[in-house]
Amino acid sequence: MTHTTMTRTTDATSNESTVASNANQPSETSGGTHIQIDEVRKTFNEGQIVACDDVNIDIDEGEFVVFVGPSGCGKTTTLRCIAGLEEPDEGRILVDGTDITGLKSKDRNLAFVFQSIALFPHMSVRKNIRFGLDMNTDLSKDEKNRRVEEVAETLDIAPMLDRKPSALSGGQQQRVSLGRAMVMEPAAFLLDEPFSALDANLRDHMRVEVKKIQRELNTSMIFVTHDQEEAMTLGDKIVVMDDGHVQQIGSPYDIYNDPTNRFVADFIGSPSPNLIEGTVENGSTGLSFVTDVGTIPATDEQTAVMKERVGETIIYGIRPEYLSLDSGPGTFAADVDVIEPLGDRDAIHLSANGTSLSALTSQGEIPRHTDRVQVELETEEAWLFEKSGARIT
Ligand code: ATP
C-alpha cells in the first residue's frame, strides 16, 4: 500500500495533511511558473542547527528541478520554505517575480506532496481525488466532476474511480495521490521523496509517469530525493546539496561530466568514480604524479597545473567507464575482486596495490574467472581535486 499523497497545505503551523487551496482561481498549470529562491537561510534550535544557508535557485517555467543530496543536507527544509511550511530566517521566495515569503501556505497555490500520508481508505477514488475541491472551493458539482474525470483520464485511472484505494495497486494509488493535487490546478508541484515507499520496478515506472505528466501539464515541478539515479532520470536541472549548501546546479550531463567538486563527483554516478590520492613529485626524470597504484600519466593541461603544486597531495578522479582493461605501456596491474554483471555492461571491482578501483566494461569483455588484469586510464577524462575537495581542473 502506498503511503504517499499530494496535498495542499494551509500554513506553517497547520497540520500538513489538511487540504486547502485557492483552486477556484483560474488555472495556472499550463505554461509553468517561475520560482526563485533567493539567499535563503533556515536554522533550527535558536540557530544551532543550520538546515540550509545561502540557497539561490532559479526554477524556470515548466522546468523539472530535482534537489538531491544525502540525508540531512537541507533539501526538505528548502522545499518546505518554498511551500510556506517553514519560514526562512533570511532570504526570499519569489513566484513569477512576486515575493511570497510572507504568504501563508494556503495562499501560495503550490501543491506539496510528501511521503507517509495514506489516501482516505473509506472513500472511493473519485472522492479522494475530489477531496480538496470539496473542502476548499465553491466550484459547481459539474466543474468538480469535470476536473476529476479529466485528471483520471490523464492518469489512466478513469475505470477505477468508484473503487476504494484498497482495491488498487501501489502504483495506481500513487496516481490517485497525484490526481488529488492535479485537480487543484496548482501553479507548481513540490514533491518530497514521493516514491520511496514503492518497490524498485514500480518506482522506475512512476518516474516515467510523473515526468510524462509534468511534460503534458507543462508545469514547474520541484522534486526532492536522496537517490542520485532518480535525480538523473527526472531532472531537467539538478541541484546537488550537501551540509545545508548548494554544491552545484546543472543539467544531468553537466553534473555528471563536469562536477564542481569532489563531493558532487563522488555522489553522482554508479559505480562511484575512482578517487586516487597521490603526490606531485619533481624528480630527476621530471614531474610525476605518484600514487599507490603507480605513477599516473598526465595530460599537458594536468601537468601545467601540477607544476604549481609540487609536493602537494591531490586527488585524481576518473569515472569507471574511463578505465580500460588493456595491456601495454602506461598500464598497471590490478587484482579482480568481483565481476558484477549490470546487463549490457559489467562493473569490474579491482584492487591495485591496496587501492580499490572500479571499471565498467562491455558485457563479458572479461572472462568470469579472470583474477588479474592490466588497467589503462583514459587520463584526458580525469579531474583533479585539491585534498579539500575543490576542483583544480
Ligand atoms: P532527509 O533526506 O533525511 O529528509 P534532508 O536533506 O531533507 O534530509 P532536512 O530534513 O532539510 O534534510 O534537514 C536538514 C537539517 O535540519 C538536519 O540536520 C535536520 O536534522 C535539521 N532539521 C530539519 N527539521 C528540523 C526541525 N524541525 N527541528 C530541528 N532540526 C531540524
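Rules of the game
Along each chain, residue indices are assigned from 1 in the same order as the chain's sequence is written. Given that this is a predicted model, residues contribute local features only at a pLDDT of at least 70 and side-chain atom pairs are listed and counted only at 80 or more, while totals for whole chains, interfaces and linings are drawn from all residues. As a rule here, side-chain values cover all heavy atoms of the structure and leave hydrogens and water aside. Helix numbering and strand numbering both begin at the N terminus, where a helix is a DSSP run of H or I of at least 4 residues and a strand a DSSP run of E of at least 2. We call a residue buried when its accessible area falls under 20% of the maximum for its residue type, exposed when it is over 50%, and partly exposed in between, using a 1.4 Å probe and counting protein chains only. What makes two residues a contact is simply this: any of their non-hydrogen atoms within 4.5 Å. We get accessible surface area from the Shrake-Rupley algorithm with a probe of 1.4 Å; when it comes to residues, only the shown protein chains can shield them. Here Asp and Glu are counted as negative and Lys and Arg as positive; His is not counted, and neither are the chain ends. By convention, the point assigned to a charge is CZ for Arg, NZ for Lys, CD for Glu and CG for Asp. Near is defined per residue: the residue qualifies when any heavy atom it owns lies within 4 Å of the molecule or strand. Only Asp, Glu, Lys and Arg are considered charged, only Ala, Val, Leu, Ile, Met, Phe, Trp, Tyr, Cys and Pro nonpolar, and every remaining residue, Gly among them, polar. Just to be clear on terms, a salt bridge is a Lys or Arg side-chain nitrogen sitting within 4 Å of an Asp or Glu carboxyl oxygen. Strand pairing is assigned whenever DSSP identifies at least 2 bridges connecting the two strands. As a rule, the C-alpha atoms of each element are fitted with a line to give its axis, helices using only the stretch in contact, and angles between N-to-C directions run from 0 to 180 degrees. Throughout, nonpolar core names a set of buried Ala, Val, Leu, Ile, Met, Phe, Trp, Tyr and Cys residues whose side chains join them through atoms within 4.5 Å. Comment: arc refers to directions from the helix axis out to C-beta atoms. Note that a disulfide, as used here, is simply two cysteine sulfur atoms within 2.5 Å. Boundary definitions for the domains trace back to an automatic or database domain assignment. Summed over both partners, the accessible area (1.4 Å probe) lost when two parts come together is defined as the buried area. Polar contact is defined as a pair of N or O atoms within 3.5 Å, subject to the rule that within protein one atom must be able to donate a hydrogen and the other to accept it, and that residues adjacent in sequence are counted only when both atoms are side-chain atoms.

Thoughts on the overall build of the protein
Piece 1. The number of helices and strands found in the protein is nine helices and 21 strands.
Piece 2. Along the longest, intermediate and shortest principal axes, the C-alpha atoms of the protein span 85 × 45 × 35 Å.
Piece 3. For the protein, with 393 residues in total, the buried portion stands at 52%.
Piece 4. Pairs at least 24 apart in sequence give 68% of the contacts found in the protein among residues at least 6 apart.
Piece 5. Summed over all atoms, the accessible surface of the protein reaches about 17,300 Å², with 43% contributed by carbon and sulfur.
Piece 6. Across the protein, 35 positive and 65 negative side-chain charges occur, with their mean positions spaced 9 Å apart.

Details of the site of the ligand
Piece 1. Close to the ligand lie Phe44, Ile49, Ala51, Pro70, Ser71, Gly72, Cys73, Gly74, Lys75, Thr76, Thr77 and Glu193, which account for all nearby residues.
Piece 2. Protein burial of the ligand: of its 630 Å² of free accessible surface, 61% is covered by the chains.
Piece 3. Contributions of two or more residues to the shell around the ligand are made by β3 (49–59) and α1 (75–83).
Piece 4. Here the shell around the ligand takes three residues from α1, the largest share from any one element.
Piece 5. Split by residue class, the shell around the ligand holds five nonpolar, five polar and two charged.

Some thoughts on the pattern of salt bridges
Piece 1. The full count for this structure, using the stated rule, is 25 salt bridges.
Piece 2. Taken together, the salt bridges that share partners define one network made up of Glu143, Arg146, Arg147, Glu150 and Glu185.

Thoughts on the pairing of strand β13 (residues 286–291)
Piece 1. Relative to β13, strand β12 (residues 274–283) is paired through six bridges, and the arrangement is antiparallel. Looking at the pairing, Glu281 lines up with Ser288 of β13.
Piece 2. In this structure, the hairpin formed by β12 and β13 is closed by a connection of two residues.
Piece 3. Across three bridges, β13 lies against strand β14 (residues 294–296) in antiparallel orientation. Within β14, the residue paired with Phe289 across the bridge is Ile296.
Piece 4. In sequence, β13 turns back onto β14 through a hairpin of two residues.

Observations regarding the sheet that holds β3
Piece 1. Ordered by their spatial adjacency, four strands build an open sheet running β3-β2-β5-β6, and the pairing between neighbours is antiparallel. Each edge of the open sheet is held by one strand with a lone partner, namely β3 and β6 (98–99).
Piece 2. Judged from the seven bridges that link them, strand β2 (residues 35–44) and β3 form a sheet pairing that is antiparallel. Paired with Ile35 across the two strands is Ile59, which belongs to β3.
Piece 3. Here α1 sits on the sheet in contact with β2, β3 and β5 (90–95), set at roughly 120° to β2.

Structural notes on the nonpolar core
Piece 1. One finds Ile129, Leu178, Leu191 and Val210 to be the most contacted residues of the largest nonpolar core, which totals 41 residues.
Piece 2. The element best represented in this core is helix α4 (residues 170–182), accounting for four residues.
Piece 3. The residues touching Ile129, leaving out its near neighbours within four places in the chain, are Val148, Ile157, Leu161, Val176, Gly179, Arg180 and Val183.

Concerning helix α9 (residues 300–307)
Piece 1. All of the buried residues along α9 are Gln302, Val305 and Met306. Around the axis of α9, the buried residues are gathered within 100° of arc, so they sit on the same side. Residues of α9 that are exposed and point over 90 degrees away from its buried face: Asp300, Glu301 and Lys307.
Piece 2. In this structure, the buried residues of α9 make contact with β12, β13, β15 (313–318) and β21 (383–386).

Some thoughts on the sheet that holds β12
Piece 1. As summarised here, the arrangement of the five strands in space is β14-β13-β12-β15-β21, forming an open sheet in which the pairing is antiparallel. Edge positions in the sheet fall to β14 and β21, since each has one partner strand and no second. The average undirected angle you get between the axes of adjacent strands in this sheet is 40°.
Piece 2. Most of the contacts of α9 go to β13, to which it runs at about 95°, and overall it touches β12, β13, β15 and β21.

What about the state of the cysteines?
Piece 1. If you walk through the whole model with that rule in mind, you get zero disulfides.
Piece 2. Between Cys73, a free cysteine, and Cys52, which holds the nearest cysteine sulfur, the sulfur-to-sulfur gap is 9.7 Å.
Piece 3. On the basis of relative accessibility, which here comes to 1%, the residue Cys73 falls in the buried class.
Piece 4. We note that Cys81 lacks a disulfide partner, and the nearest cysteine sulfur, in Cys52, lies 5.1 Å from it.

Concerning the domain arrangement of the protein
Piece 1. By the assigned domains, the protein splits into domain 1 (2–261) and domain 2 (274–386).
Piece 2. The centre of domain 1, based on its C-alpha atoms, is set 41 Å off from the matching centre of domain 2.
Piece 3. Contacts between domain 1 and domain 2 engage four residues on the former and four residues on the latter.
Piece 4. A buried area of about 390 Å², summed over both sides, lies between domain 1 and domain 2, and 51% of it is on carbon and sulfur atoms.
Piece 5. Considering only the surface of domain 1 that becomes buried against domain 2, Tyr256, Pro259 and Asn261 emerge as the three largest contributors, covering 84% of it.
Piece 6. Taken together, the links from domain 1 to domain 2 amount to three residue pairs in polar contact (both at pLDDT 80 or more).

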